[in-house]
Amino acid sequence: MKNPLGIKDIARMLQISVSTVSRAFRDTHDVNPETRKKVLALAKKLNFKPNKNASALASGSTKNIGVIIPFITNYYFSMVISGIQEEAYERDYNVILYVTNDNVAREKTLLENLSTSSLDGLLISISSDSSTNEHFEQLMARGMPIVFFDRVPRNIHASKVVQDDFAGAMQATEYLIQQGYRRIAHIAGPENLQFTQQRLSGYLKALEQHDIPVDKQLIVFSGFSQGQGSTDTQQLLALPDPPDAIFAANDRKAVGAILTIKQRGLRVGRDIGVIGFTNDPIAVVVEPNLSTIEEPAMEIGRKSCALLIRHIKNLDFEVQDIILPGKLIQRDSTKRPRG
């Protein structure tokens, strides 16, 4: 199905800016009468009818930003939202929250039914099973500014703000190696997610740099829950040659790993080291405390919101990729006695 014509198409055909086209439809004082005549003539020829959405986008009059996230109870996303809200408040914007429950069908339905005329732009973190960009591209074709954060789609020309998953995963794996672990497993997220692949790549690079052979049996893909971390660990412990350390894609999975290791009568750290990714508050509640890579969640929220507002105020603002570093937090789950 072809995307409907939008103000971007008219702007491209007439070789003028999107904002000029939108102002021409609203007959603002700063548009040349000849330019407005050309815009209206082309719109009539193409049977394009401007809507409230185009007007709102150009004027920034709604002062509303939509935020689409997979979860609301997740600590990481709650921190990102806090960062978004702080930035939005300082810029005099309101935040409207939408939750997909990590389901692509709900994500698509939500976007299809979204009242875009009441929003200036969207911040989106995609669902785990999101494998197509069509529902995003249709909105962008209609002139909706979009910035993706954390979980971002592949092969789409849009601004993105993410943590450095590759470097963080490499740092986590290298830290395990420095602690004396050698048979290191990785319990990963859903295989099709970009950041899952980035963390996997960082893990593999660290093994390669330390001449540790890759054993594909030690790489398990699943979801992000504590239960899935437990199931993944049970699978690893059932191997003829089980791992002596586990790098988990997030802290919830790492906690599942710790509980399963303890249930088997093994000692976390001494027998099997565990490191996570996020620095969720649960990391200091579980015993032993969890080593992890701290993600800059608040900063991701703030920078995502600031970047979106730049796109809202200038629809021709160039696409940007912002990558923020994480930080290694050393705790007891990776302490291995020497000698």
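Here the structure is shown first, and the text comes after it.
Model, not experiment: these values are computed from the prediction.

> Let's hear about the sheet that holds strand β9 (residues 273–275): which residues, and what values?
With respect to topology, four strands assemble into an open sheet ordered β7-β6-β8-β9, the strand pairing being parallel. Across the chains shown, the open sheet's two edge strands, defined by having one partner strand only, are β7 (219–221) and β9. On average, each strand axis in the sheet is inclined to that of its neighbour by 15°, with strand direction left out of account. Sheet topology note: the strand β8 (residues 245–248)/β9 ladder contains three bridges and is parallel. Residue pairing for β9: Ala245 is matched across the bridge by Gly273. Here helix α10 (residues 226–237) sits on the sheet and contacts β6 (184–188), β7 and β8; the angle it forms with β6, its principal contact strand, is near 145°.

> Account for the environment of Leu307, naming residues and giving values.
Tracing the sequence through the fold places Leu307 in helix α12 (residues 297–313). Once residues within four sequence positions are removed from consideration, Leu307 is found in contact with Val147, Ser159, Val161, Phe317, Gln320 and Ile322.

> Which residues make up the sheet that holds strand β5 (residues 159–163), and what values do they have?
Taken in spatial order, the six strands make up an open sheet running β2-β1-β3-β4-β5-β11, and their pairing is parallel. The open sheet has two free edges, formed respectively by β2 (94–99) and β11 (321–324), since each of these has just one partner strand. Ignoring which end each strand starts from, the neighbouring axes of this sheet average 15° apart. One ladder, built from six bridges, connects strand β1 (residues 64–69) with β2; its direction is parallel. By the bridge assignment, Asn64 is partnered in β2 with Asn94. On the sheet, helix α5 (residues 75–90) packs against β1, β2, β3 (121–124), β4 (146–149) and β5 and is oriented at approximately 155° with respect to β2.

> Describe in detail the pairing of β3, supporting the description with residues and values.
Here β3 shows no split at all, with Gly121 and Leu123 on one side and Leu122 and Ile124 on the other all buried. Of the strand pairs in this sheet, β3 and β4 are connected by three bridges, and their pairing is parallel. Each residue of the ladder has a partner; that of Leu123, found in β4, is Val147. Crossover connection from β3 via helix α7 (residues 134–141) to parallel β4: handedness right-handed.

Conventions we followed
Residues numbered from 1 in each chain as written. Predicted model: local features only at pLDDT ≥ 70, side-chain atom pairs only at ≥ 80, totals over all residues. Heavy atoms only, no water. Pairing = 2+ DSSP bridges. Helix = DSSP H or I, 4+ residues; strand = E, 2+ residues; numbered from the N terminus. Axes fitted to C-alpha atoms, helices over the stretch in contact; angles between N-to-C directions. Contact = heavy atoms within 4.5 Å. Buried < 20%, exposed > 50% of the residue type's maximum accessible area, 1.4 Å probe, protein only. Right-handed = clockwise from strand over helix to strand, strands pointing away.

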